[in-house]
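# Fold and geometry: a report
Residues per chain, in single letters:
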Amino acid sequence: MTHFERLNAHALANKVPLHVLFEITGRCSLDCRHCYVDVHRPPPELATREVKDAFEQLRAAGAMFLTVSGGEPFLRPDLLPLLAHARRLGFAVRLFTSGTRLTRADAEALARLGEVAVELSLYSHRHEVHDDVTRRRGSHRRTLRAALRLRRLGVPVVLKAPILAPTAGGHRPLLELARRVGAD
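Computed from a predicted structure; not experimentally measured.

## Examining the sheet that holds strand β3 (residues 92–97)
- Taken in spatial order, the 5 strands make up an open sheet running β1-β2-β3-β4-β5, and their pairing is parallel. Each edge of the sheet is formed by a strand with only one pairing partner; in this case those strands are β1 (19–23) and β5 (157–160). Averaged over neighbouring strand pairs, the angle between their axes works out to 20 degrees when direction is ignored.
- In this structure, β1 lies alongside strand β2 (residues 65–69), joined through 5 bridges in parallel fashion. Looking at the pairing, Leu-21 lines up with Thr-67 of β2.
- In this fold helix α2 (residues 48–60) packs onto β1 and β2, with an angle of close to 170 degrees to the strand it touches most, β1.
- Along the sheet, helix α3 (residues 79–88) makes contact with β2, β3 and β4 (116–121), crossing β3 at roughly 155 degrees.

## Details of helix α4 (residues 104–113)
- Taken as a whole, α4 has its buried residues at Asp-106, Ala-107, Ala-109 and Leu-110. Taken around the axis of α4, the buried residues stretch over an arc of 160 degrees, which confines them to a single face. Of the exposed residues in α4, those oriented more than 90 degrees away from the buried face are Arg-104 and Arg-112.
- Here the buried face of α4 lies against α3, β3, β4 and α6 (139–152).
- Of the residues one or two after α4, Gly-114 is the one with positive phi, at around 65 degrees.

## Structural notes on the packing of α3 against α4
- Their axes nearest at 10 Å, the elements α3 and α4 cross at an angle of 5 degrees. Regarding the angle of α3 to α4, the classification is roughly parallel. Here α3 contributes Leu-80, Leu-83, Ala-84 and Arg-87 to the contact with α4, which in turn contributes Asp-106, Ala-109, Leu-110 and Leu-113.
- Of the residues that constitute the contact of α3 with α4, the class distribution is 6 nonpolar, no polar and 2 charged.

About the thresholds
All residue numbers refer to positions counted from 1 along the written sequence of the respective chain. Residue-level local features of this predicted model are given only where pLDDT is at least 70; pairs of side-chain atoms are given and counted only at 80 or more, and the full residue set underlies all totals for whole chains, interfaces and linings. Side-chain measures here rest on the full set of heavy atoms in the structure, leaving out hydrogens and waters. One bridge is not enough; two strands pair if DSSP finds at least two bridges between them. Each helix corresponds to a stretch of at least 4 residues labelled H or I by DSSP, and each strand to a stretch of at least 2 residues labelled E; elements are numbered beginning at the N terminus. For helices, the fitted line uses only the C-alpha atoms of the stretch in contact; every axis is such a line through C-alpha atoms, and the angle between N-to-C directions lies from 0 to 180 degrees. Contact definition: two residues touch when any of their heavy atoms are within 4.5 Å. When a residue's accessible area, from a 1.4 Å probe over protein chains only, is under 20% of the maximum for its type it is buried; when over 50% it is exposed; and in between it is partly exposed. Along the arc lie the directions from the helix axis toward the C-beta atoms. Under this scheme an angle from 65 to 115 degrees is roughly perpendicular, one under 35 degrees roughly parallel, and one over 145 degrees roughly antiparallel; angles in between are oblique. Residues are grouped as follows: nonpolar covers Ala, Val, Leu, Ile, Met, Phe, Trp, Tyr, Cys and Pro; charged covers Asp, Glu, Lys and Arg; every other residue, Gly included, is treated as polar.

These figures come from the coordinates and say nothing about function on their own.
The following block contains the structure:
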C-alpha cells in the first residue's frame, strides 16, 4: 500500500474530509447547455469572512486538497485573496474555471501563489462548437488565451472536455490542442 493509499484509508476510517470541492459562487458569465448551474437565478453567496471561516474549519478537520469551483469563480472580486488564504492554510489548491474572465494580472497572481493548478473547460478544438455549447461568442478564444497565459507563467493547466453530443468524436484534435498549449 502506498503512502497516499494509507492516507486515504486513514481519512476514510476517521471521517476526515481530505478532498473538498467548494462551490464559491453560482454566478457564471457563460450559459453552457449541459450545466446544472442556473445562471439566471444564482443562489446567494457566502461573504468573504464566511468563506475564510469555512476554509479554516475544513483545514482544522484535516482537509488537505481544496478545489474551488462555481459558476465562474472569477466573478467574485475576492477570489484571489480567498485563494491566498487557502494557500496560507496549507491547502493544495485546484481552481475550476472557464478562464474567460482571467486577466494577465490574475494569471500572474495565481503563479505567485504557487501550488495552484487550474482546470479550464474547453468543449472542442473548434471555436464554433465550443461557443455554441457555452452560448457565448468568443469564449473559445478567451479560454485558450487563459491557458496560454497560465502555462507561460508555469501554472499547471488541465483542459477538461466532457463528451457531449455536439463534441463527440472530436477528442483527438482536442488532445493535440492541449499538447500544443502545454496543458494536460
